[in-house]
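# Chains, contacts and geometry: an overview
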Amino acid sequence: MFLGIAILGAIFIVITFFSVINAGRRGESRRGPLIVLVLTILVTAGAIWKLPYWSADHHHSDQSAASSVSKTSSLSSQSGQAFASSTPTMTQAEAEKQVAQQLAKSLKKLGPVTFDKASKTYTLTITNTNLKKTIKGLHADPSQAKQAKWPKFAHNFIQTSASLKKALGKGYSLVFRVGHQSPVLVYKDGYLTKNQFE
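Let me sum up the structure you'll find in this document. Just so it is clear, the model here is predicted, and its values are computed rather than measured.

## Some thoughts on the environment of Gly169
Looking at the secondary structure, you find Gly169 in the loop between helix H7 (158-168) and strand E3 (173-177). The spatial distance from the C-alpha of Gly169 to the C-alpha of Gln92 is 9.6 Å, given a sequence separation of 77 residues. Excluding residues that lie within four positions of it along the chain, Gly169 makes contacts with Leu164 and Asp189.

Written out as structure tokens, the structure is:
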């Protein structure tokens, strides 16, 4: 719509410009054509300013970030469930493996989960396209985190971390990262200890 107005405005600017020149040559008043010319320039400038080209980089990235996290927020809602309790005969290593399997199952739409026994860390490597786009957008402009609903998304996994502590004991971390980049979220013992976009 704004593109059509801009094109028509450009045509009217040319027409009214020549009307002003012709009015001057004929010795007529230029007032009327000048008023029309000024109004046409203002309307055309407004239409051009509203074109997606000017606002796409900023507004479109905000909207896509918001929609991306909205989609992934629903995926994360399953992650807060408690892990199956370990039996008295189960070793710590078996309990850790069981938790890794449960995490992998509940977070599979976000990416694969790995476990590092030495550091007691479960790492989700994000492969979900929408979530990766959101994180990329927030790296470029962290101030959009609230609009993209990032705090809500981050908060969804605090209960997951608390469940880790309940199932395995203290000292276990849950880390979210894209590839080998610095983690964007780190949870430990039921607390969010790092939120890169906060």
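## Concerning the nonpolar core
Within the largest apolar cluster, 30 residues are counted, with the highest numbers of intra-cluster contacts made by Tyr122, Trp150 and Phe176. For this core, the secondary structure elements donating two or more residues are helix H4 (92-106), strand E2 (121-125), helix H5 (129-140), helix H6 (150-155), H7, E3 and strand E4 (185-188). When residues in this core are grouped by element, the largest group, 4 residues, is from H4.

## Brief notes about the pairing of E4
For E3 and E4, the ladder comprises 4 bridges, and the chain directions are antiparallel. Bridge pairing in E4 places Phe176 opposite Leu185. Across 4 bridges, E4 lies against strand E5 (residues 191-195) in antiparallel orientation. Within the sheet, the bridge partner assigned to Lys188 lies in E5 and is Tyr191. Counted along the chain from E4 to the antiparallel partner E5, the turn is 2 residues long, and its residue Asp189 has a positive phi close to 50°.

## Quick notes on the environment of Tyr191
Within the secondary structure, Tyr191 sits in strand E5. Along the backbone, Tyr191 and Ser173 are 18 residues apart, and their C-alpha atoms lie at a distance of 9.5 Å.

## Quick notes on the side chain of Ser161
Positionally, Ser161 belongs in helix H7. If we skip the residues at most four places from it in the chain, Ser161 touches Tyr187, Lys188, Asp189, Gly190 and Tyr191.

## Focus on a nonpolar patch on the surface
Together, Ile7, Leu8, Ile11, Phe12 and Ile15 give the surface a local cluster of nonpolar side chains, amounting to about 480 Å² of exposed area. Its location among the elements puts Phe12 in helix H1 (residues 2-26). The exposure class of Phe12 is partly exposed, given its relative accessible area of 46%.

## Looking at the sheet that holds E4
Across the sheet, 5 strands lie side by side as E1-E2-E3-E4-E5; this open sheet has mixed pairing. Both outer strands of the open sheet, strand E1 (113-116) and E5, are each paired with one neighbouring strand and no more. Taking each pair of neighbouring strands and ignoring which way they run, the sheet shows an average axis angle of 20°. Where E2 and E3 come together, 5 bridges link them in parallel fashion. In the sheet register, Thr125 faces E3, and the bridge partner there is Arg177.

## With respect to the packing of aromatic side chains
Inspection of every chain in the model, using the stated rule, returns 9 aromatic pairs. A centroid spacing of 5.4 Å and a plane angle of 80° characterise the contact between Trp150 and Phe197, whose relative ring orientation is edge-to-face. Taken together, the positions of Trp150 in helix H6 and Phe197 in the segment after E5 put the pair 47 residues apart, joining distant regions of the chain. Ring pairing ties together the aromatic residues Trp150, Phe153, Phe157, Phe176, Tyr187 and Phe197, which thus form one cluster.

## Description of H4
Between its first and last C-alpha, H4 extends 21 Å over 15 residues, near the 21 Å set by a 1.5 Å rise per residue. Along H4, the residues that are buried comprise Ala95, Glu96, Val99, Ala100, Leu103 and Ser106. Taken around the axis of H4, the buried residues stretch over an arc of 140°, which confines them to a single face. Those residues of H4 that are exposed and aimed more than 90 degrees away from the buried face are Lys97 and Lys105.

Parameters at a glance
Residues numbered from 1 in each chain as written. Predicted model: local features only at pLDDT ≥ 70, side-chain atom pairs only at ≥ 80, totals over all residues. Heavy atoms only, no water. Helix = DSSP H or I, 4+ residues; strand = E, 2+ residues; numbered from the N terminus. Contact = heavy atoms within 4.5 Å. Core = buried A, V, L, I, M, F, W, Y, C linked by side-chain atoms within 4.5 Å. Buried < 20%, exposed > 50% of the residue type's maximum accessible area, 1.4 Å probe, protein only. Pairing = 2+ DSSP bridges. Patch = residues over 30% accessible without salt bridge, like charges linked within 9 Å, V, L, I, M, F, W, Y side chains within 5 Å. Areas by Shrake-Rupley, 256 points an atom, 1.4 Å probe, with all protein chains shown as cover. Salt bridge = Lys/Arg side-chain N within 4 Å of Asp/Glu carboxyl O. Axes fitted to C-alpha atoms, helices over the stretch in contact; angles between N-to-C directions. Phe/Tyr/Trp six-rings, centres within 6.5 Å; stacked < 30°, edge-to-face > 60°. Expected span 1.5 Å × (residues − 1). Arc of directions from axis to C-beta.

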